[in-house]
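These are the residues of each chain, in order.
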Amino acid sequence: MRYLPLTADDRAAMLAKIGVKDVDALFRDVPKSAQAPREAFDLPDAKGEIEVERILSRFAARNVAASDVPFFCGAGAYKHHVPATVDHLIQRSEFLTSYTPYQPEISQGTLQALFEFQTQVAALTGMEVANASLYDGSTATAEAVLMAMRVTKRPKAILSGGLHKQYIETVETVANLHGVIKRAMASPGRAEDLLPLIDDQTACVVVQSPDVFGLIRDLKPLADAAHAKGALLVVVVTEVVSLGLITPPGEQGADIVVAEGQSLGNGLNFGGPYVGLFAVREKFIRQMPGRLAGQTVDADGRRGFVLTLSTREQHIRRDKATSNICTNSGLCALAFSIHLSLLGEEGFTKLAAINHSRAVELADKLNAIPGVSVITPAFFNEFTIKLPRSAAEVVEELAMKGVLAGVPASRLGYADDLLIVAATETNTDEDIAAFVKALEEVL
Amino acid sequence: MALNSQGRPSQPGTAEASALPTISGDRGLDHEEPLIFELGRDGKCGVDFPDVKVGDTHLGGLRRKGKIGLPGLSEPEVVRHYVRLSRNNYSIDAGLYPLGSCTMKHNPRLNEKLARLPGFADLHPLAPQSAAQGALALMSELARWLTTMTGMPAVTMSPKAGAHGELCGILTIRAAIEAKGEKRTRVLIPESAHGTNPATAAFAGFTVDEVKATPEGRVDMDSLRSKIGPDVAAFMLTNPNTCGLFERDIVEIAKLIHEAGAYFYADGANFNAIAGRVKPGDLGVDAMHINLHKTFSTPHGGGGPGAGPVVLSERLRPFAPLPLLVLEKGGIRLIEDRDSAPEGYKPFGRMAAFHGQMGMFVRALSYMLSHGGNGIRQASEDAVLAANYVLASLKDVMSAPFEGPCMHEALFDDTWLHDTGVTTLDFAKAMIDEGYHPMTMYFPLVVHGAMLIEPTESESKESLDRFIAVLRGMAEEVKAGKTERFEGAPRLAPRRRLDETAASRKPVLKYQAAE
């Protein structure tokens, strides 16, 4: 077996040193009834690289990759171009095959990269501090709600109906144990009035912008209303590229900003691994979940970085920890950070502008098709259209014509005739023309 | 000149040469690297995009006004920055990584290659299911391997890491208890447990009650008997445990738990010792998470991503969270909402958006197919053999608190360091100067000054022998009173010991430009 270096002679010599006759003797503490022979496992024997590659390639070939077709799916995961440099750099052994940086003297590469990541996330979101990542946007949202409950010592969280449905379910699953979740009805294409729901038991209001239907929300009035009642505003961003063109939540009064960082540096990967961003006001840092890289000096006075404030964390605080998180999304955060370093101020704002302009162009063309109307008045790179019939059926028919047209809102439990459509820098004029033509044909 | 056993100089040529400061501040291949924010300048960019003007008509009056504050760099500058940073990291590719409990084994590059096939890496989670049948089939195949290896009837795939899997398992148990109309508030956890166990139980709304360990490092059955009761929801146990020992009384433990109507949660962090030899299902386990990033070698990536699927017993199966995979005529269906769940299923909720860590699933299945059932069994045996070899080779110079055999990790305590002036921390940090990553220190908590060594099956005998020789050499110096190299170690790493107190007293968590 190519991955196992010990030879039969090595094993024999090692057993002799240990002073046992065979390897079974090392398993003598395992009850006989629990020792299963090789035949008890209905599994094939080892395979070489060629065979393994052949088998897994067959699975891959049965999927339609986003790059194979004109592609317009979003709703929380976006097809962007990732520069070749990113994937090359994150595959450096020293990044790919190192553990969590518990030994800072020999982990400065990871620690400095995380410190830079935190700085970038704080800048993008307009917040004061960010952590070193959580699993993804949905779990980060749940952590934000729990943190708001801890900070305010209040039990109630109000979730906007424009929050991605699977995010809502993720929040409910964990936060229901600690408080009460009120969710507003979805109102595709317009912002619902959440103000009447905020009271003196409210820990936080959670709103996504752009929301799951693509709508850009004005957050300031909501922030003011929440703050007037002593509640926090949690803002969720599932498309971070939007922050290159839209006023960041931090400038609109958000207290906690969480985001899905997949759009930068990370592939679609059928939903994971992704990377959760988590940024807060400085006064809340000791209530934050997850790892934090901090700057300090070494014994010779040189600048260096460490994991810090770990008294919040499970390996120290055990049942009093702010979260149980341990392994997070280190390498995805690195990919995010490298991609953003390549983009810089100029590249990132240009990327955002291209995304928006592609979406505006597509929206105008779709809106001109009889029976189709764009219902999202303000959007970044994603919007919702109303169709004269079932969006799920239309998507299947368009898939037969080689176009992946978007995510039917019914897939997330919303109305049957709505289709959520995203356009990015990867969409060509030909893609847009193919979508418009195919849609005209099926309607 | 002093040479080591392989004929290599063990000291620099001359003391003067190593002490001489350089003009650059760099030293040979060791480069000091500024922060990216200190390198960047306006007017530079590492990508080429057209300049597209966009109007305000669709932005709802919320166009960004100020600058973001991102540095501008060209592509070669970005590449150099990250390559230089990477060189300040230790890695499993570069050396033995004996972190106990972490299973730092070889990460095959075939797995990386396959996870990047466009059919996986470029597949949207909400693409029509007809366009994702290969992905669903792969998940189903991985599920078959996991259930076969564990002897458990079901697995839920969506948890994103070990701790997330623990939470998923405990919430499944919670749902099963609620469905029976019972009220159970306590979760029992051995004092040797990973910190994530009590954190998880508390996070899920249970109170945590610690079960004592015996002087032999195993669960104290009397303590367990005295704590078990009708208000206990679950017992969370790592097996092999964090002392590196198999819990001999496991069958009796499971019986006690089940008789009290509670559930048996197993922390699968140490599955690498028994995969392919022991089926946790045979031990009476109700739920166990599997760290694909440990046992099945998906890379740790400097702290993730991981994946933590949870195998479930028949009585927990109906409560598994969304999504569910259902095999149907003509294909596989992914069930994403409660209302579509098959008869008898009551999913307790959802652990995260979408369907789990697909990228990790591909890597883990590639690992499994490469090893096969025979290779996985051999890997576990080699991991256990390597740990016992380290234990047998060091126990005369260091102190092992428990009688062997151990499983896949060898535990030492600091009894042998008493009155030497050297602590576990000093010893571990001095390993860095010798070219090794330290072992896990001060964990498990039940042992004083613990040093937990997990060599894994990936090390050759030559590599193990060299590691043992170095640790023996260090131990002999301690015993001879030659403690200089331990004081304030490391000296030869990119940084010396860092001031963690200062870091937490006045946290600096992001770069701020000098005024």
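Residues numbered from 1 in each chain as written. Chains lettered and ligands numbered in written order. Predicted model: local features only at pLDDT ≥ 70, side-chain atom pairs only at ≥ 80, totals over all residues. Heavy atoms only, no water.

**Q** For this particular structure, what's the right way to read the overall build of chain B?
**A** For chain B, the helix and strand inventory stands at 14 helices and 12 strands. Taking 24 Å as the expected radius of gyration for a compact globule of 515 residues, we find that chain B reaches 26 Å, a close match to that expectation. Oriented by its inertia axes, the alpha-carbon framework of chain B measures out at about 80 × 75 × 45 Å. If you take every contact in chain B between residues at least 6 apart in sequence, the share linking residues at least 24 apart comes to 69%. Accessible surface for chain B amounts to roughly 18,500 Å². Of this, 51% is attributable to carbon and sulfur atoms. Taking the average location of the 56 positive side-chain charges in chain B and that of its 62 negative ones, the two points are 4 Å from each other. (Helix = DSSP H or I, 4+ residues; strand = E, 2+ residues; numbered from the N terminus. Rg over C-alpha atoms; globule rule 2.2 N^0.38 Å. Contact = heavy atoms within 4.5 Å. Areas by Shrake-Rupley, 256 points an atom, 1.4 Å probe, with all protein chains shown as cover. Lys, Arg positive; Asp, Glu negative; His and termini not counted. Charge placed at Lys NZ, Arg CZ, Asp CG, Glu CD.)

**Q** When you look at the packing of aromatic side chains in this model, what are you seeing that I'm missing?
**A** Ring pairs (aromatic) are described by centroid distance and by the angle formed between their planes. Under the defined criterion, the tally for this structure stands at 14 aromatic pairs over all chains. Aromatic pair A:F115 and A:F305: ring centres 4.7 Å apart, planes at 40°, arrangement tilted. Taken together, the positions of A:F115 in helix α5 (residues 108-125) and A:F305 in strand β9 (residues 303-307) put the pair 190 residues apart, joining distant regions of the chain. Classification of A:F305 by relative accessible area gives buried; the value is 1%. Through a chain of ring-to-ring contacts, the aromatic side chains of B:F271, B:F296 and B:Y367 assemble into a single cluster. Directly above the ring of B:F206 sits B:R174, whose terminal nitrogen or CZ lies 5.4 Å from the centroid. Just above the ring of A:F27 sits the side chain of B:R277; from NZ or CZ to the centre is 4.1 Å. (Phe/Tyr/Trp six-rings, centres within 6.5 Å; stacked < 30°, edge-to-face > 60°. Buried < 20%, exposed > 50% of the residue type's maximum accessible area, 1.4 Å probe, protein only. Lys NZ or Arg CZ within 6 Å of the ring centre and 35° of its normal.)

**Q** Got a minute to help me understand the layout of surface pockets in this structure?
**A** Once rolled over the atoms, a probe with the size of a water molecule shows which space is left empty. By volume, the second largest pocket is sized at about 1,200 Å³. Every residue lining the second largest pocket is counted, 50 residues in all, and those nearest its centre are A:Y102, A:H315, A:I316, B:M441 and B:F443. Every element with two or more residues in the lining of the second largest pocket is listed here: β9 and α9 (314-317) of chain A together with α7 (162-179), α12 (424-433), β11 (440-441) and α14 (500-505) of chain B. Taken together, the residues of the lining of the second largest pocket sort by class into 21 nonpolar, 18 polar and 11 charged. (1 Å grid on protein atoms, 1.4 Å probe; cavity = no way out; pocket = protein on both sides within 12 Å on 5 of 7 lines; lining within 4 Å. Points joined across faces, edges and corners; volume = space filled by probe spheres on them. Nonpolar A, V, L, I, M, F, W, Y, C, P; charged D, E, K, R; others polar.)

**Q** Explain the UniProt feature "domain: Glycine dehydrogenase C-terminal" (unreviewed entry) in chain B to me, please; I cannot follow it from the model alone.
**A** Feature annotation in UniProt assigns "domain: Glycine dehydrogenase C-terminal" (unreviewed entry) to the following positions: residues 379-484 of chain B. Along residues 379-484 of chain B, the helical share is 42% and the strand share 8%, with 39 Å between the first and last C-alpha atoms. (UniProt positions renumbered as here; feature names shortened; annotations may be inferred.)

**Q** I'm lost on the sheet that holds strand β10 (residues 410-412) of chain B in this one. Help?
**A** The pairing of strands in a sheet comes from backbone hydrogen bonds and takes either a parallel or an antiparallel form. Read from one edge of the open sheet, 3 strands run β10-β12-β11 (chain B), paired in antiparallel fashion. Looking at the sheet topology across the chains shown, the edges are occupied by β10 and β11 of chain B. (Pairing = 2+ DSSP bridges.)

**Q** Mind showing me how you'd approach the environment of A:F41 here?
**A** Turning to its location among the elements, A:F41 is positioned in the loop between α1 (8-18) and α2 (49-61). Taking the C-alpha atoms as reference, A:F41 lies 27 Å from A:D9; in sequence the two are 32 residues apart.

**Q** Would you mind showing me how to read the packing of helix α6 (residues 137-152) of chain A against helix α7 (residues 165-175) of chain A here?
**A** Think of two packed helices as two axes; the pair is described by the angle between the axes and how far apart they sit. Residue and element names in this part refer to chain A. Put simply, α6 and α7 touch, their axes get as near as 8 Å, and they point 45° apart. Relative to α7, the element α6 is oriented oblique. The element α6 and its partner α7 pack so that their crossing is right-handed. Facing G137, S138, T139, T141, A142, V145, L146 and M149 of α6, the residues of α7 in contact are Y167, T170, V171, V174 and A175. Here the contact of α6 with α7 is built from residues that sort into 8 nonpolar, 5 polar and no charged. (Axes fitted to C-alpha atoms, helices over the stretch in contact; angles between N-to-C directions. Parallel < 35°, antiparallel > 145°, perpendicular 65-115°, else oblique. Left-handed = near helix turned anticlockwise from the far one by under 90°.)

**Q** In this structure, what is going on with the sheet that holds strand β6 (residues 256-260) of chain A? I would like to understand it.
**A** Residue and element names in this part refer to chain A. The mixed open sheet is built from 7 strands, whose spatial order is β1-β7-β6-β5-β4-β2-β3. Bordering the open sheet on either side are β1 (129-130) and β3 (180-183), each of which pairs with just one other strand. One ladder, built from 4 bridges, connects strand β2 (residues 156-159) with β3; its direction is parallel. Each residue of the ladder has a partner; that of I158, found in β3, is K182.

**Q** What exactly am I supposed to notice about empty space enclosed by the protein here?
**A** Scanning the model with the defined rule gives 9 cavities of 30 Å³ or more in all. Considered as a void within the structure, the largest cavity measures approximately 140 Å³ in volume. Around the largest cavity, the lining comprises 15 residues; the ones closest to its centre are A:T139, A:E143, B:H164, B:L167 and B:F203. Counting residues per element, the lining of the largest cavity draws most heavily on α6(A), at 4 residues.

**Q** I would appreciate a short explanation of the domain arrangement of chain A in the present structure.
**A** The parts lose accessible area when they come together, and the size of an interface is often stated as this lost area. Partitioning chain A into structural domains gives domain 1 (8-61), domain 2 (66-82 + 343-442) and domain 3 (84-338). Domain 1 of chain A and domain 2 of chain A are separated by 49 Å when their C-alpha centres are compared. (Domains from an automatic or database assignment.)

**Q** Is there a simple way to explain unusual backbone geometry in this structure?
**A** Outside of glycine, negative phi angles account for most residues, and trans bonds account for most peptide bonds. All names here are of chain B. With an omega dihedral of -5°, the bond running from L322 to P323 counts as a cis peptide bond. Along the chain, P323 falls in the loop between β7 (310-312) and β8 (324-328). Here the residue pair A489 and P490 is connected by a cis peptide bond, since its omega of 5° sits within 30 degrees of zero. With respect to the helices, strands and loops of the structure, P490 is situated in the loop between α13 (461-479) and α14.

**Q** Whenever I open this one, the interface of chain A and chain B confuses me. Can you help?
**A** On the side of chain B, 202 residues touch chain A, which itself brings 192 residues to the contact. Looking only at chain A, the three residues that lose the most surface to chain B are A:F270, A:R318 and A:R411, adding up to 6% of its buried area. Linking chain A with chain B are 12 salt bridges. A salt bridge links B:R277 to A:D24; its shortest N-O distance comes to 3.0 Å. Between the two partners, chain A and chain B, sit 90 residue pairs in polar contact (both at pLDDT 80 or more). Looking at the side of chain A that touches chain B, the element that brings in the most residues is helix α10 (residues 330-367) of chain A, giving 24 residues. (Buried area = accessible area lost by both parts, 1.4 Å probe. Salt bridge = Lys/Arg side-chain N within 4 Å of Asp/Glu carboxyl O. Polar contact = N/O pair within 3.5 Å; in protein donor to acceptor, adjacent residues only side chain to side chain.)

**Q** Teacher, can you tell me more about the domain arrangement of chain B here?
**A** Residues and elements named next belong to chain B. We note that the domain assignment places domain 1 (110-366) and domain 2 (373-491) within chain B. Distance from the C-alpha centre of domain 1 to the C-alpha centre of domain 2: 30 Å. In this complex, domain 1 contributes 25 residues to the contact, which on the side of domain 2 involves 20 residues. Counting each side, the surface lost to burial between domain 1 and domain 2 is near 1,800 Å², with a carbon and sulfur contribution of 62%. For domain 1, the biggest contributors to the area lost against domain 2 are C243, N272 and R277; these three give 28% of the whole. The interface formed by domain 1 and domain 2 contains 1 salt bridge. Taken together, the connections running from domain 1 to domain 2 amount to 7 residue pairs in polar contact (both at pLDDT 80 or more). Residues that form the side of domain 1 that touches domain 2 fall into these classes: 13 nonpolar, 9 polar and 3 charged.

**Q** Just to check I follow, could you spell out the environment of A:P289 for this structure?
**A** All names here are of chain A. Structurally, P289 can be placed in the loop between β7 (276-280) and β8 (293-297). In this structure P289 comes out as buried when scored by relative accessible area, which is 0%. In this structure, the C-alpha to C-alpha distance between P289 and S310, residues 21 residues apart in sequence, is 9.9 Å. Beyond its immediate stretch of four places on either side in the chain, P289 contacts N131, L134, E143, M147, R150, F278, R312, T322 and S323.

**Q** Even after reading the chapter, I still don't get the environment of B:L312, so can you show me in this structure?
**A** All names here are of chain B. With respect to the element layout, L312 can be found in strand β7. Here the alpha-carbon distance between L312 and V79, two residues 233 residues apart in the chain, equals 45 Å. L312 has contacts with M152, P153, A154, T156, T172, D286, A287, R317 and A320, leaving out every residue within four places of it along the chain.

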